[in-house]
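# Examination of the molecular architecture
Each chain, letter by letter, is given below.
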Amino acid sequence: MGWRTSRFFDKAGKTAAGSNGRIISLQQVSKRLGDVQVLNDINLEVGQGECIVLVGRNGSGKSTLLRVLAGMLLPDSGSLCKSRHGRIMYALDGLSRLPFTSREYLWEMGRIRGMRPEVLRLRIGELSELLFVGAALDQNLPQLSKGTLQKVNLIQALLPGPDGLLLLDEPLSGLDVPAQEAIVALLRQWKQEGSQIVTACHEPLLIERLADQVIVLQKGTVLRRWSQEDLQQAAEPTVSIQSVMEGLEQSVIDALLVDQPGIIACHRSMVRRDYGREVWDWKVSRSSADRILGMILAAGGSIVSVQPEESRLNMEGLMEGRHPGEAISREVAENLSSISTAGGDLQ
Ligand SMILES: Nc1ncnc2c1ncn2[C@@H]1O[C@H](COP(=O)(O)OP(=O)(O)OP(=O)(O)O)[C@@H](O)[C@H]1O
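Residues numbered from 1 in each chain as written. Predicted model: local features only at pLDDT ≥ 70, side-chain atom pairs only at ≥ 80, totals over all residues.

### Examining the overall build of the chain
Selection criterion: The numbering of helices and of strands both runs from the N terminus, where a helix is a DSSP run of H or I of at least 4 residues and a strand a run of E of at least 2. Residue burial here comes from a neighbour count, namely the number of other C-beta atoms, placed from the backbone, that lie within 10 Å of the residue's own C-beta, with 20 or more meaning buried, 12 or fewer meaning exposed, and in between meaning partly exposed. Note that contacts rest on C-beta atoms placed from the backbone: two residues are in contact if these are within 7 Å.
Assigned secondary structure in the chain consists of twelve helices and 13 strands. Split into buried and exposed, the 347 residues of the chain put 32% on the buried side. Of all intrachain contacts in the chain linking residues separated by at least 6 positions in sequence, the fraction that spans at least 24 positions is 75%.

Here it is, written out as structure tokens:
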């Protein structure tokens, strides 16, 4: 479905930012819940049209930080400043299974926010269609599947449109793939129109398409911050090459592999023995593919297949605080060392 902002909104709203361009900022915010120091000295600034993604292991403090930004929890220390204008909408974890149908719930949420009935009716219809809610719109919340409940939770946050700060806790969690794609495309459009987004997320899809900044949390503190440029280094598309290297000396293969930029991984595949010969699988960056194909051929190897692949961020490395690009280098290093140790088998 094509999303047309103008159908929803009298004017494409832009949130009025403070004079310094910041919509919201936290300075040295700490929060304790019970015996747990959940947040420690957090600094965070959200600028106009910016998307910040919070990543971290379970329990690292992402949801708590979103609740502080939403004003649902007060910091114990530190300061929170918001621009005077602009609204904050949020879809935080777990919508309560209240005794309403989805439509009744969304209607009440829209009315509480002062939306006009004709606009509200239209928005509920369009957002439900966008996220494939279908007949669940007239089912009771307690009877909804986890994924559908999450869709209703997202819709209630999106009802007012692209004007303000959106706080989303794991927005893609439990959603089917078409709905994930639809929500990421919508958020991308809203961001371009000036909305701000802060979201906790484990999915590379959202990070790759939306993030201006990734903040890695570990035990309530900021472990790392990565910029869009850092993320783009890891997001370069790759090419998968299969080659036969039979009869080549190990020294020739070593020379081919070592210190070659663009090789992401390389290992000998056991699955193509039916091919009659051992096949090598290479994963290389797309911009290096021609050069590496040339090198394999020049070294006496032959090419079996070449397949372009979509990139994926290494979330595991990211959560450990490793640079999105460095995670790939480490993989290469590990593969290279395993090739070296097993090298004698080739001859
Ligand atoms: N009301 C509470 N009382 C005591 N401790 C709490 C409370 N709420 C959260 N915590 C603790 O705070 C820490 C951070 O929780 P939080 O939900 O913010 O983490 P998270 O990163 O969002 O985790 P997840 O990825 O599992 O959603 C956890 O150790 C959690 O047990």
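### Examining the packing of helix α3 (residues 102-112) against helix α5 (residues 146-158)
Going by this rule: Here an angle of 0 to 180 degrees is reported between the N-to-C directions of two axes, which are lines fitted to C-alpha atoms, with helices fitted over the stretch in contact. Should an angle fall under 35 degrees it is called roughly parallel, over 145 degrees roughly antiparallel, and 65 to 115 degrees roughly perpendicular, with every other angle called oblique. In this scheme the handedness of a crossing depends on how the near helix is turned from the far one: anticlockwise by less than a right angle means left-handed, clockwise means right-handed. Under this grouping Gly is polar, as are all residues other than the nonpolar Ala, Val, Leu, Ile, Met, Phe, Trp, Tyr, Cys and Pro and the charged Asp, Glu, Lys and Arg.
Look at α3 against α5: their axes get within 9 Å of each other, and the N-to-C directions meet at 20°. With respect to each other, α3 and α5 are oriented roughly parallel. The handedness of the crossing between α3 and α5 comes out as right-handed. Note on element contacts: α5 touches α3 through Val152, Ile155 and Gln156, opposite Ser102, Tyr105, Leu106 and Met109. Partitioning the contact of α3 with α5 into residue classes produces five nonpolar, two polar and no charged.

### Digging into the confidence of the model for the chain
Selection rule: Looking at any residue, its pLDDT shows the predictor's confidence there, from 0 to 100.
Averaged over every residue, the pLDDT of the chain is 82; residues scoring 70 or more account for 80%. Per-element confidence in the chain is highest for strand β3 (residues 51-55), whose mean pLDDT is 97, and lowest for helix α1 (residues 5-8), whose mean pLDDT is 26. Confidence drops under pLDDT 50 across residues 1-16; counting only partners more than four residues distant or on other chains, this segment forms 30 contacts. Note that residues 327-347 has pLDDT below 50 and, in this model, 24 contacts with residues that lie over four places away or in other chains. The ipTM, which scores confidence in the relative placement of chains, is 0.97 for this predicted complex, and the corresponding pTM is 0.74.

### What about the site of the ligand?
Inclusion rule: For each residue, a C-beta atom is placed from the backbone, and the residue is labelled near a molecule or strand when this atom is within 6 Å of it.
Near the ligand there are 13 residues, and of these Gly34, Asn58, Lys62, Ser63 and Thr64 occur at the shortest range. The element contributing the most residues to the shell around the ligand is helix α2 (residues 62-70), with three residues. For the shell around the ligand, the per-class residue count stands at four nonpolar, eight polar and one charged.

### What to know about α3
How we decide: Taking the helix axis as origin, the arc is that swept by the directions to the C-beta atoms.
When α3 is considered as a whole, its buried residues turn out to be Ser102, Tyr105, Leu106 and Gly110. For α3, the buried positions fall inside an angular range of 130° around the axis, keeping them on one side. Every exposed residue of α3 that faces more than 90 degrees away from the buried side is listed here: Arg111 and Ile112. Turning to α3, the residues buried within the fold contact α4 (117-130) and α5. Backbone geometry just after α3 places Gly114 at a positive phi near 80°.

### Concerning the sheet that holds strand β6 (residues 164-169)
Threshold: The pairing criterion is simple: DSSP has to find at least two bridges between the two strands.
Reading across the sheet, the six strands line up as β5-β6-β7-β3-β8-β9 and stay open at both edges, with mixed pairing between neighbours. Each edge of the sheet is formed by a strand with only one pairing partner; in this case those strands are β5 (87-91) and β9 (221-227). In this sheet, neighbouring strand axes are inclined to one another by 15° on average, regardless of whether the strands run parallel or antiparallel. Sheet topology note: the β5/β6 ladder contains five bridges and is parallel. Opposite Ala91, over in β6, you have Leu168 as the bridge partner.

### Some remarks on the nonpolar core
Rule in force here: Working definition: the nonpolar core is a set of buried Ala, Val, Leu, Ile, Met, Phe, Trp, Tyr and Cys residues, joined through C-beta atoms within 7 Å.
Core analysis: the largest hydrophobic core is formed by 63 residues, its most contacted members being Val53, Leu54, Leu131 and Val214. If we skip the residues at most four places from it in the chain, Leu131 touches Lys151, Leu154, Ile155, Ala179, Ala182 and Ile183. In terms of nonpolar packing, the next biggest core, distinct from the first, is built from ten residues, Cys266, Trp280, Trp282 and Ile296 among them.

### Comments concerning unusual backbone geometry
Located in the positive-phi region is Asp41, a residue other than glycine, with phi close to 50°. Within the secondary structure, Asp41 is located in strand β2 (residues 36-47). Since 14 C-beta atoms lie within 10 Å of it, Asp41 is described here as partly exposed. Its identity as a non-glycine residue notwithstanding, Phe132 has a phi of 60°, on the positive side. Tracing the chain through its elements places Phe132 in the loop between α4 and α5.

### Re the environment of Leu217
With respect to the element layout, Leu217 can be found in strand β8 (residues 213-218). The class for Leu217 is buried, based on 24 C-beta atoms found within 10 Å.

### Side note on α5
Rule in force here: Under the convention used throughout, the expected extent of a helix is 1.5 Å for every residue step, that is, one less than its residue count.
Relative to the 18 Å expected for 13 residues at 1.5 Å per residue, α5 spans 19 Å between its end C-alpha atoms, a close match to the ideal helical length. For α5, a buried count of ten out of 13 residues is recorded, marking the element as mostly surrounded by other parts of the structure. Summarising the contacts, the buried residues of α5 are in contact with β5, α3, α4 and α6 (177-192).

### Some words on the sheet that holds strand β4 (residues 77-82)
Strand order across the open sheet formed by three strands is β2-β1-β4, with antiparallel pairing between neighbours. Each edge of the open sheet carries a strand with a single partner, namely β2 and β4. This sheet shows a mean twist of 15° between the axes of neighbouring strands, independent of strand direction. Pairing of strand β1 (residues 22-33) with β2, which is carried by eight bridges, proceeds in the antiparallel orientation. Bridging across to β2, Val29 finds its partner in Ile42. Taken strand by strand, α2 contacts β1, β2 and β4, and its axis lies near 55° from that of β2.

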